[in-house]
Amino acid sequence: MNNNLVEIVELNAENWYECCTLEVSEEQAGHIEPNAVSIVQSKFEPTLKPYAIQFEGKTVGFLMFNTVEEELGGYWIYRIMLDKNYQQKGIGKIATQLMIEEMSTLPNVKRIVVGYHPENLGAHQLYKSMGFVDNGDRFGKEMAVVLEVN
């Protein structure tokens, strides 16, 4: 996979609706909020930053992170999803790396945290492969994994 084909672009008037039409696979649907809910949430919580994931210029995914420190002394990844037609191609891993690079530019970032359902094996493999560590932190039905930065 050519990394130059994948980019993350701040949500804007041209790409927000495309993000709302993306769908995850049926198995994943119970693990993630619809993108429209996340986009609305970002309008009421201005510290949340939503982005479109683009592959060869086409919107194929959505991600969102918080720009302020939260639980576990970390900056949280709130959402990351790829349309079911673009999964298993390495796009998600590149987009996650781009998001981590973007988050690392925030002031005083020492750790990045992401929570997900333990049954979400795809997420588990992705974050483990990128150096996130499970320290046993649990929030309701979700586990949280941590990446130390800087």
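Structure shown above.
We now turn to the structure provided with this report. (Residues numbered from 1 in each chain as written. Predicted model: local features only at pLDDT ≥ 70, side-chain atom pairs only at ≥ 80, totals over all residues. Heavy atoms only, no water.)

Moving on, we get to the overall build of the protein chain. When you go through the protein chain residue by residue, the secondary structure sums to four helices and seven strands. When the elements of the protein chain are put in sequence order from the N terminus, they spell out β-α-α-β-β-β-α-β-α-β-β. Taking the principal axes of its C-alpha atoms as reference, the protein chain extends roughly 35 × 30 × 30 Å. In the protein chain, buried positions account for 44% of the 150 residues. Restricting the contact set of the protein chain to residue pairs at least 6 apart, pairs at least 24 apart contribute 62%. (Helix = DSSP H or I, 4+ residues; strand = E, 2+ residues; numbered from the N terminus. Buried < 20%, exposed > 50% of the residue type's maximum accessible area, 1.4 Å probe, protein only. Contact = heavy atoms within 4.5 Å.)

Quick look at the pattern of salt bridges now. Inspection of every chain in the model, using the stated rule, returns three salt bridges. Where glutamate 23 meets lysine 84, a salt bridge forms, and the shortest distance between an N and an O atom there is 3.1 Å. Residue glutamate 23 is found in the loop between α1 (16-21) and α2 (35-44), and its partner lysine 84 is found in the loop between β4 (75-82) and α3 (91-103); the two are separated by 61 residues along the sequence. Judged by relative accessible area, glutamate 23 falls into the partly exposed class, the value being 44%. Its relative accessible area of 42% is what places lysine 84 among the partly exposed residues. Across the salt bridge formed by glutamate 148 and arginine 111, the nearest N and O atoms sit 3.2 Å from each other. Here glutamate 148 is found in strand β7 (residues 142-148), whereas its partner arginine 111 is found in strand β5 (residues 111-116), with 37 residues between them in sequence. (Salt bridge = Lys/Arg side-chain N within 4 Å of Asp/Glu carboxyl O.)

So, on to the sheet that holds β7. The mixed open sheet is built from seven strands, whose spatial order is β1-β2-β3-β4-β5-β7-β6. Two strands lie at the open edges of the sheet, namely β1 (6-10) and β6 (133-139), each paired on one side alone. Sheet twist, expressed as the mean angle between neighbouring strand axes with direction ignored, is 30°. Pairing of β5 with β7, which is carried by six bridges, proceeds in the antiparallel orientation. Bridged to arginine 111 within β7 is glutamate 148. (Pairing = 2+ DSSP bridges. Axes fitted to C-alpha atoms, helices over the stretch in contact; angles between N-to-C directions.)

Turning next to the packing of aromatic side chains. Within this structure, the stated rule accounts for six aromatic pairs. Ring centres of tryptophan 16 and tyrosine 17 lie 5.6 Å apart, and the angle between their planes is 85°; on these two criteria the pair is classed as edge-to-face. Among the residues examined, tryptophan 16 registers a relative accessible area of 39% and is labelled partly exposed. The exposure class assigned to tyrosine 17 is exposed, which follows from its relative accessible area of 54%. Relative to phenylalanine 139, the ring of tryptophan 76 lies with its centre 5.5 Å away and its plane at 85°, an arrangement referred to as edge-to-face. (Phe/Tyr/Trp six-rings, centres within 6.5 Å; stacked < 30°, edge-to-face > 60°.)

On to helix α4 (residues 121-129), then. By the burial criterion, the buried members of α4 are Ala123, Leu126 and Tyr127. Projected onto a plane normal to the axis of α4, the buried residues spread over an arc of 90° and lie on a single side. Along α4, the residues that are exposed and aim more than 90 degrees away from the buried face are Leu121, Gln125 and Lys128. Here the buried face of α4 lies against β4, α3, β5 and β7. Just past α4, the residue glycine 131 takes up positive phi, approximately 95°. (Arc of directions from axis to C-beta.)

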